[in-house]
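# Fold and contact review
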Amino acid sequence: MPDTQYDLPFRPRRNRRSAALRGLMRETELSPAHLILPLFVTEGEDTRIPIGAMPGCYRLSLGNTLALAREAHSLGIPAVALFPALAEGSKDKRATESTNPDGLLQRTVRSLKDALPGLAVITDVAMDPYSSDGHDGYVENGEILNDITLEILAGMAVSQAEAGADLVAPSDMMDGRVGVIREALDDAGLTNTGILAYSAKYASSFYGPFREALDSAPRSGDKKTYQMDPANRREAMREVMLDVMEGADIVMVKPALAYLDVIADVASSVDVPVAAYQVSGEYAMIKAAAANGWLDEERAVAETLTAIRRAGADMILTYFAIDYARRMQ
Ligand code: PBG
């Protein structure tokens, strides 16, 4: 039946008439090559501890970590980001365990690079998994001290780089850490190790499930004196610009979905690649709604990841990386 009552000069629907045409018009690509898989690692033999608020995610011991990393690699995912879950007994005020050359994280990095040299390994630089205070910085009388923390972070970054990390990723939000870490790496002859800086990292409710995964919630207070106020947009540019000047190879915005405006600002004003982190709470929201039959998980994952790419992220850390890559097969 002809649908021609009106003499419309513009009919944008013409470009959406078929899957073939929609494909030609598509502005944003999303493939496994854009994704980074975060992994929670733990001690043990064949250990696989489910994380309550992150169904489908586990704390894995070495063999299981290698198996999942191998699958990620074979699906075309270029990188994994490692987060160690430590026993309470190995935590202290100065995060001493973070520089142990035979620590859990360092052993895991070495094994991964041995087994899968083509897979990039990213390590998190922050005190929280190692700190008895559960903060990203050194705590004294309830205050997070910046410059003492920098020393600790620099040692941690060098130790991770020596173990073979391709990129170290400071997620602590202390002032000046990118520059101090760059200098420490260079002084140790580790000029090839890159820095992926968590530049605009907000004090977000969406990290809740992650802190359960690592048992890393702050023992007192919150992270608002170092992580950014969710109300601020201009301040993100300041943080990003400082990190670029200090030597960041990649800058990151975190969380992702609630901060697409920030991702877009950053992507349009820096000349380094931009990463975004679809964090644990973003994962949990989709999983919970899908488990209730309230939304279609597969479509919600593709849509949110595409939106993050559309906003300007070159790469996305996401707990959905393997799921998405499997579906693309
Ligand atoms: C810790 C760190 C956090 C995340 C990554 N690194 C938590 C925090 O800052 O409290 C969150 C990741 C997620 O929620 O998926 N420095």
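Here's what I pulled together on the structure shown here. (Residues numbered from 1 in each chain as written. Predicted model: local features only at pLDDT ≥ 70, side-chain atom pairs only at ≥ 80, totals over all residues. Heavy atoms only, no water.)

Below, the discussion takes up helix H3 (residues 104-115). For H3, spanning 12 residues, the distance from its first C-alpha to its last is 16 Å, which sits close to the expected 16 Å at 1.5 Å a residue. Every buried residue of H3 is listed here: Leu 104, Leu 105, Gln 106, Thr 108, Val 109, Leu 112 and Lys 113. (Helix = DSSP H or I, 4+ residues; strand = E, 2+ residues; numbered from the N terminus. Expected span 1.5 Å × (residues − 1). Buried < 20%, exposed > 50% of the residue type's maximum accessible area, 1.4 Å probe, protein only.)

In this structure the tally under the stated criterion is 10 aromatic pairs. Their ring planes at 65° and their centres at 5.8 Å tell us that Tyr 283 and Tyr 319 sit as a pair that is edge-to-face. Here the residue Tyr 283 occupies a position in helix H9 (residues 280-291), and Tyr 319 occupies one in the loop between strand S12 (315-318) and helix H11 (321-328), the gap between them amounting to 36 residues. For the pair Tyr 283 and Tyr 319, one class covers both residues: buried. Chaining the aromatic ring pairs together yields one cluster made of Phe 40, Phe 83, Tyr 198, Phe 210, Tyr 277, Tyr 283, Tyr 319 and Phe 320. (Phe/Tyr/Trp six-rings, centres within 6.5 Å; stacked < 30°, edge-to-face > 60°.)

Close to the ligand lie 18 residues; Lys 201, Arg 211, Lys 254, Ser 280 and Tyr 319 are nearest. Contact between the ligand and Asp 136: a nitrogen atom at 3.1 Å from a side-chain N or O atom of the residue. One of the side-chain nitrogen or oxygen atoms of Arg 211 is found 2.6 Å away from an oxygen atom of the ligand. About the coverage of the ligand: the protein hides 100% of its 400 Å² of free accessible area. Partitioned by chemical class, the residues of the shell around the ligand number 8 nonpolar, 3 polar and 7 charged. (Near = heavy atom within 4 Å. Polar contact = N/O pair within 3.5 Å; in protein donor to acceptor, adjacent residues only side chain to side chain. Areas by Shrake-Rupley, 256 points an atom, 1.4 Å probe, with all protein chains shown as cover. Nonpolar A, V, L, I, M, F, W, Y, C, P; charged D, E, K, R; others polar.)

Ranked by size, the top nonpolar core spans 109 residues in total, and within it Phe 40, Val 80, Leu 82, Ile 263, Val 266 and Tyr 277 carry the most contacts. For this core, the element with the most residues is helix H4 (residues 146-163), which contributes 9 residues. Those residues in contact with Leu 82 that lie beyond four places of it in its chain are Leu 39, Val 41, Leu 105, Thr 108, Val 109, Leu 112, Val 121, Ile 122, Thr 123 and Asp 124. (Core = buried A, V, L, I, M, F, W, Y, C linked by side-chain atoms within 4.5 Å. Contact = heavy atoms within 4.5 Å.)

The element strand S11 (residues 274-278) is extensively covered by neighbouring structure, given that 5 of its 5 residues are classed as buried. On the question of chirality, the crossover connecting strand S10 (residues 250-254) to the parallel S11 by way of helix H8 (residues 260-269) is right-handed. Note: S11 against S12, 4 bridges, orientation parallel. Within S12, the position partnered with Gln 278 by the bridge is Thr 318. (Right-handed = clockwise from strand over helix to strand, strands pointing away. Pairing = 2+ DSSP bridges.)

With that settled, the discussion passes to helix H5 (residues 177-187). Along an α-helix, a turn takes 3.6 residues, which lines up residues three or four apart on a common side. Of the positions making up H5, those classed as buried are Arg 177, Val 178, Ile 181, Arg 182, Ala 184 and Leu 185. Summarising the axial view, the buried residues of H5 lie within an arc of 165°, below the 170-degree limit, and thus occupy one face. Set apart from the buried face of H5 by more than 90 degrees, the exposed residues are Glu 183 and Asp 187. Backbone geometry just downstream of H5 places Gly 189 in the positive-phi region, at approximately 80°. (Arc of directions from axis to C-beta.)

The next subject is unusual backbone geometry. A cis amide bond links Lys 254 with the next residue in sequence, Pro 255, at an omega value of -10°. Relative to the helices and strands, Pro 255 is located in the loop between S10 and H8. The backbone of Ala 95 shows a phi angle near 55°, a positive value even though the residue is not glycine. You can see Ala 95 is positioned in the loop between strand S4 (79-84) and H3. Positive phi, normally seen in glycine, also occurs at Asn 141, with a value near 45°. Relative to the assigned elements, Asn 141 resides in the loop between strand S6 (138-140) and strand S7 (143-145). Residue class for Asn 141 comes out exposed when judged on its relative accessible area of 79%.

With that settled, consider the environment of Ala 203. In this structure, Ala 203 sits in the loop between strand S9 (194-201) and helix H6 (208-214). Between the alpha carbons of Ala 203 and Asp 229 there is a distance of 6.0 Å; along the sequence they are 26 residues apart. Not counting residues up to four positions away in its chain, the partners in contact with Ala 203 are Lys 224, Gln 227, Met 228 and Pro 230.

Attention now moves to the packing of H4 against H5. Their axes nearest at 9 Å, the elements H4 and H5 cross at an angle of 45°. Accordingly, the angle class assigned to the pair H4 and H5 is oblique. Every pair of crossing elements has a handedness; the one defined by H4 and H5 is right-handed. Two secondary-structure elements touch here, H4 through Leu 150, Leu 153, Ala 154, Ala 157, Val 158 and Ala 161 and H5 through Arg 177, Val 180, Ile 181, Ala 184 and Leu 185. Taken together, the residues of the contact of H4 with H5 sort by class into 10 nonpolar, no polar and 1 charged. (Axes fitted to C-alpha atoms, helices over the stretch in contact; angles between N-to-C directions. Parallel < 35°, antiparallel > 145°, perpendicular 65-115°, else oblique. Left-handed = near helix turned anticlockwise from the far one by under 90°.)

A few words now on the pattern of salt bridges. All told, the structure shown has 19 salt bridges when counted by the stated rule. The partner of Arg 233 in a salt bridge is Asp 265, with the nearest N and O atoms 2.8 Å apart. Remark: Asp 265 occurs in helix H8 and Arg 233 occurs in the loop between H6 and helix H7 (234-246); sequence separation between them is 32 residues. Taking relative accessible area as the criterion, Arg 233 reaches 44% and is therefore assigned partly exposed. Via salt bridges that share partners, Glu 71, Lys 287, Glu 297, Asp 323 and Arg 326 belong to a single interconnected network. (Salt bridge = Lys/Arg side-chain N within 4 Å of Asp/Glu carboxyl O.)

Geometric descriptors of this kind do not, in isolation, establish any biological role.
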